[in-house]
Amino acid sequence: MFRLLVEKELKNIIQSPKFLATFLTCSFLILLSIGIGINEYFNMMEQYNTAKNLAKTEMAQARSWMALSAKAFREPDPMQIFSAGVNYDIGRYSIVHERQDSKLQNSVYSDDPIFAVFRYMDFTFIVTVVFSLFAILFTYNTVNGERENGTMRLVFSNAIPRSTFISAKFVGSWLGLVIPLLVPILVGLLLLVVFKVPLSAAHWIKIIMLISTSVLYLTFFIAFGILISAVTKYSSVSFMILLVSWITLVFIIPRIGVMTASQFISVPTVAELESQKDSFSKARWEKHYGEIEKVWRARNAEMNGMSEADRQSYREENEYKWFEEDDKVRNEVQKEITEYSSKLSDDVRNRKATLENLALNISRISPASSFQLAAMNLSTSDINLKNRYEKEIQNFRQTFSTFTQKKQKESGGQAGMFRISIDSQSGVKISSGRDESSLNLREVPKFTQPSHTISQAVVPTIIDIGLMMFFTLFSFGGAFFSFNKYDLR
Amino acid sequence: MNTILNEKKEFPMLEAVNLTKKYEDGLLALDDVNFKVHQGEIYAMLGGNGAGKTTTINIFLNLIEPTSGETKINGIVTHQQPLEAKKHVSFVSENVMLYPEFTALQNLDFFTRLGGKTNLTKDDYRQVLLRVGLQEDAHSKKLKGFSKGMRQKCGIAIAILKNSPTILLDEPTSGLDPKAGLEFMTLLDELRDEGKSILMSTHDIFRAKEIANTIGIMNNGKLVMQRSKAELENADLEKLYVEYMAGYMEEVA
Ligand SMILES: Nc1ncnc2c1ncn2[C@@H]1O[C@H](COP(=O)(O)OP(=O)(O)OP(=O)(O)O)[C@@H](O)[C@H]1O
Ligand SMILES: [Mg+2]
């Protein structure tokens, strides 16, 4: 009995005239998105390699260890084919220098604003918008339509339990919508293989999880469509309700989430942060100058009562030691300032993250948000991508600085006198000690991409997948419950 | 099912007992209605629009619950054991509606299986469709192009295929052309001879008199007259109908 009803539901969907048109449109869009994604990935990969080589040449032209700077590049991940996420919003490289804060710059959008228009044409977008619409189009009248048609009375003149009927509706619709949509998805995966997109086992696991999550998302909308169709008498009413819900869930709530999040993000502005850092640095240096003055006064005091010639020789005797001492203190001050500023950045980053999470949690009342967040996490194009890179680049900067400082010492580029004016950028250039014809770059540490394990990608999706499951079960339960009381005439 | 043919059952196959239905809006659609349909009998319900005929049938099918009283199919109280009761009944509505995207054969196949008959072939379906008068070339056409009469024939075919001991017909001949109407009456006669118990509502007084074993007239939810074929032999049913409908007379059935 159940099977018969499921078969009927399936046939009903597949034989309906709207099915072929919708199915072909969906298939086309899925394949298009994956095609564009593959193309974009290879483009970015090419740019990445070119830029990396260019940076190598630039480094080779450096004349001193002090002036040496590196660039850390963000390597494109093939998962961006499925979900671009923040991939195009955040910068693709950062300059790494001892005395310069590292920041990702030159995002795809900043280079090529027209690209922003196409940002949503990724697989995740197609699923979010088109799959949900597809589900609604085929379920809005699944229950009340049978009442309107008059077939419901005939069906229920037979010994059919209502629970069997509504469950079969769900299973039949599910099979009738999910299986056809899996076809273009599988063809899309074939494209990945044909175009030799470099995919590791971890990538495949993520892809399979992403597809399962897409199916879950589609399942939610099927259940939701059935629910609305089972609480309304007329299909025109259920269609209106579903259309409004669809717009709200797919477009409005996720955007409200992002908007709220970006509101929070703008609270501590970059300018505020910079001025805070500046004023600390200024105060610290002033304090330092005061102390240095005292030190020099003390040094002068030591020479009280000496003859001019004695003074001269005493000075010459101690000059180098004094400079060394000053240099050491100066370095400590610089270190203190750097630490303070990175702590400040960290604080702001954490605060941002907390608020961002809050806003995102609010938006999770819509499964469309949950789906997008899960897809971004699985595709490692999530909102933490920037932080991961900046953290890794920060670490690299430390390694890099330690290395260049060591090299500076070795090559005798002390030149402490010049480094007094170190806090201005041009000063760095002037202080470049003595000329060296070329540097041996072989030992320069290399930037490694931040590691992101499968579990790091999967764990954050658990809450979103859980929420989608909850909403799906809730919708189905609601449909089940309300159909039990449904007026069958 | 053949046992039905052999031994006639003592209790009525279809029965309404003190059946009362008050809709949510307070309308008393059925007021203490009682009748019985025995095996191999046809009971015709007459009555004007809004008399309560469809309401009665809906209660038999458990599509709505009675306010008080009960309906029984094969002795089973429908609102208490609806699934058990519905195994023994088939139904043709006044406006048969089937799945528009399915062909006549597909619709027949679905509803016959739903009715519990899983061993029938396409040939069986075709045979029954021909028996109810649906031309061969329409069998494989989608239902969405069917006229009301064609749909009605499919509905009757489904009821025949289910082969249940009782059949509920709500104005089954509405929409049938005169020839089809006549054929349908013959068909009902055959079904009764097979031992089916048939409850039908109709506006066709003459056909009712011709075929029914018992006739009941309903007015405003009350069964105002109920007579057997023999009792009506020499009466002018039309005159009686008009008189009862006008409320001149009332007799407790
Ligand atoms: N869901 C409902 N809610 C309230 N009143 C209803 C409902 N369904 C039917 N009725 C009323 O119950 C009464 C009986 O209706 P019913 O459909 O049983 O009449 P009928 O004898 O089948 O009429 P017809 O010959 O026109 O088919 C009518 O007055 C009708 O308006
Ligand atoms: Mg009626």
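Since we're looking at a predicted model, the values are computed, not measured.

What counts, and at which threshold
- Residues numbered from 1 in each chain as written.
- Chains lettered and ligands numbered in written order.
- Predicted model: local features only at pLDDT ≥ 70, side-chain atom pairs only at ≥ 80, totals over all residues.
- Heavy atoms only, no water.
- Helix = DSSP H or I, 4+ residues; strand = E, 2+ residues; numbered from the N terminus.
- Buried < 20%, exposed > 50% of the residue type's maximum accessible area, 1.4 Å probe, protein only.
- Contact = heavy atoms within 4.5 Å.
- Areas by Shrake-Rupley, 256 points an atom, 1.4 Å probe, with all protein chains shown as cover.
- Expected span 1.5 Å × (residues − 1).
- Bend = angle between axes of the 7 residues up to and from the residue.
- Pairing = 2+ DSSP bridges.
- Axes fitted to C-alpha atoms, helices over the stretch in contact; angles between N-to-C directions.
- pLDDT = per-residue confidence, 0-100.
- Parallel < 35°, antiparallel > 145°, perpendicular 65-115°, else oblique.
- Left-handed = near helix turned anticlockwise from the far one by under 90°.
- Nonpolar A, V, L, I, M, F, W, Y, C, P; charged D, E, K, R; others polar.
- Salt bridge = Lys/Arg side-chain N within 4 Å of Asp/Glu carboxyl O.
- Near = heavy atom within 4 Å.
- Polar contact = N/O pair within 3.5 Å; in protein donor to acceptor, adjacent residues only side chain to side chain.
- Buried area = accessible area lost by both parts, 1.4 Å probe.

### Concerning the overall build of chain A
No. 1: Scanning chain A from N- to C-terminus turns up 16 helices and two strands.
No. 2: Per-residue burial for chain A yields a buried fraction of 47% across its 489 residues.
No. 3: Taking as baseline every contact in chain A between residues at least 6 positions apart, the subset at least 24 positions apart corresponds to 82%.
No. 4: As displayed, chain A offers around 24,300 Å² of accessible surface, 62% of which is attributable to carbon and sulfur atoms.

### Details of helix 4 (residues 123-139) of chain A
Residues and elements named next belong to chain A.
No. 1: With 17 residues, helix 4 should reach 24 Å at 1.5 Å per residue; the first-to-last C-alpha distance of 23 Å fits that figure.
No. 2: Largest kink in helix 4: about 25 degrees, centred on Val 130.
No. 3: Counting buried residues in helix 4 gives 14 out of 17 residues, a clear majority hidden from the surface.

### A word on the sheet that holds strand 4 (residues 68-73) of chain B
Residues and elements named next belong to chain B.
No. 1: Pairing in this open sheet of four strands is antiparallel, and the strands run 2-1-4-5 from one edge to the other. Of all strands in the sheet, those bounded by a partner on one side alone are strand 2 (28-37) and strand 5 (76-77).
No. 2: The pairing of strand 1 (residues 14-22) with strand 2 spans six bridges and is antiparallel. In the strand pairing of strand 2, Leu 14 is matched with Val 37.
No. 3: Lying on the sheet, helix 2 (residues 53-60) is in contact with strand 1, strand 2 and strand 4; it crosses strand 1 at an angle near 115 degrees.

### So, the confidence of the model for chain A
All names here are of chain A.
No. 1: Of the residues in chain A, 90% reach a pLDDT of 70 or more, and the chain-wide mean stands at 85.
No. 2: Within chain A, helix 14 (residues 425-430) has the poorest average pLDDT of any element, 45, and helix 8 (residues 201-231) the best, 96.
No. 3: Throughout residues 414-436 the model reports pLDDT below 50, and contacts reaching past four residues in sequence, or to other chains, amount to 32 contacts.

### Some points on the packing of helix 1 (residues 2-15) of chain A against helix 7 (residues 162-194) of chain A
Residues and elements named next belong to chain A.
No. 1: Two numbers describe how helix 1 lies on helix 7: the axes approach to 8 Å, and their chain directions differ by 45 degrees. If you check the angle between helix 1 and helix 7, you find them oblique. Read as a crossing pair, helix 1 and helix 7 show a hand that is right-handed. Of helix 7, the residues touching helix 1 (which contributes Phe 2, Leu 5, Val 6, Lys 8, Glu 9, Leu 10 and Ile 13) are Thr 164, Phe 165, Ser 167, Ala 168, Lys 169, Val 171, Gly 172, Ser 173, Leu 175, Gly 176 and Leu 177.
No. 2: Of the residues contributing to the contact of helix 1 with helix 7, the split by class is 10 nonpolar, five polar and three charged.

### Considering the sheet that holds strand 8 (residues 197-201) of chain B
All names here are of chain B.
No. 1: Pairing within the open sheet is mixed, and its six strands lie in the order 6-7-8-3-9-10. A single partner strand is all that each edge strand has here, and the edge strands are strand 6 (89-92) and strand 10 (222-228). Here the average twist between neighbouring strands, direction ignored, is 15 degrees.
No. 2: Pairing geometry for strand 3 (residues 42-47) and strand 8, over four bridges, is parallel. From the neighbouring strand, Ala 44 faces strand 8, where its bridge partner is Met 200.
No. 3: Its contacts with the sheet put helix 7 (residues 178-193) on strand 3, strand 7 (166-170) and strand 8, and the angle it makes with strand 8 is roughly 150 degrees.

### As for the pattern of salt bridges
No. 1: Applying the stated criterion across every chain yields a total of 28 salt bridges over all chains.
No. 2: A salt bridge links Glu 9 of chain A to Lys 8 of chain A; its shortest N-O distance comes to 3.2 Å.
No. 3: Between Lys 72 of chain B and Glu 70 of chain B there is a salt bridge whose closest N-O contact spans 4.0 Å.
No. 4: Under the relative-accessibility criterion, Lys 72 of chain B is labelled partly exposed at 22%.
No. 5: Within this structure, Lys 8, Glu 9, Glu 146 and Lys 169 of chain A form a network of salt bridges that share partners.

### Side note on the site of ligand 1
No. 1: Near ligand 1, the surroundings consist of 15 residues, among which Asn 49, Gly 50, Lys 53, Thr 54 and Thr 55 of chain B are the closest.
No. 2: Between a nitrogen atom of ligand 1 and a side-chain N or O atom of Arg 489 of chain A, the distance comes to 3.3 Å.
No. 3: In the environment of ligand 1, an oxygen atom lies 3.2 Å from a nitrogen or oxygen atom belonging to the backbone of Ala 51 of chain B.
No. 4: For ligand 1, the protein covers 68% of the area, taking 640 Å² as the surface of the free molecule.
No. 5: At three residues, helix 2 of chain B tops the list of elements feeding residues into the shell around ligand 1.
No. 6: Classifying every residue of the shell around ligand 1 by side-chain character gives four nonpolar, seven polar and four charged.

### Looking at the interface of chain A and chain B
No. 1: Residue-level contacts link 24 residues of chain A with 29 residues of chain B.
No. 2: For the pair chain A and chain B, the two sides together bury roughly 2,500 Å², of which 63% comes from carbon and sulfur.
No. 3: Of all residues in chain A, the largest losses of buried area upon contact with chain B belong to Arg 153, Leu 154 and Arg 489 of chain A, amounting jointly to 26% of the total for that side.
No. 4: A salt bridge links Arg 153 of chain A to Glu 94 of chain B; its shortest N-O distance comes to 3.7 Å.
No. 5: Within the residue set of the side of chain A that touches chain B, elements represented by two or more residues are helix 1, helix 5 (144-149) and helix 6 (151-155) of chain A.
No. 6: Class assignment of the residues belonging to the side of chain A that touches chain B gives a composition of 11 nonpolar, eight polar and five charged.

### Quick notes on the side chain of Gln 80 of chain A
Residue and element names in this part refer to chain A.
No. 1: One can find Gln 80 in the loop between strand 1 (70-73) and strand 2 (93-96).
No. 2: Taking relative accessible area as the criterion, Gln 80 reaches 3% and is therefore assigned buried.
No. 3: With sequence-adjacent residues up to four places away left out, Gln 80 is seen in contact with Glu 40, Tyr 41, Met 44, Asn 87 and Tyr 88.

### Some thoughts on the pairing of strand 9 (residues 214-219) of chain B
All names here are of chain B.
No. 1: The buried count for strand 9 comes to six of six residues, which makes it a mostly enclosed element.
No. 2: By the alternation rule, side chains of strand 9 split into Thr 214, Gly 216 and Met 218 and Ile 215, Ile 217 and Asn 219, which are all buried.
No. 3: One ladder, built from five bridges, connects strand 3 with strand 9; its direction is parallel. Paired with Gly 47 across the strands is Met 218, a residue of strand 9.
No. 4: Across six bridges, strand 9 lies against strand 10 in antiparallel orientation. Counted as the bridge partner of Asn 219 is Lys 222 from strand 10.
No. 5: Linking strand 9 to strand 10, which pair antiparallel, is a turn of two residues; within it Asn 220 sits at a positive phi near 50 degrees.

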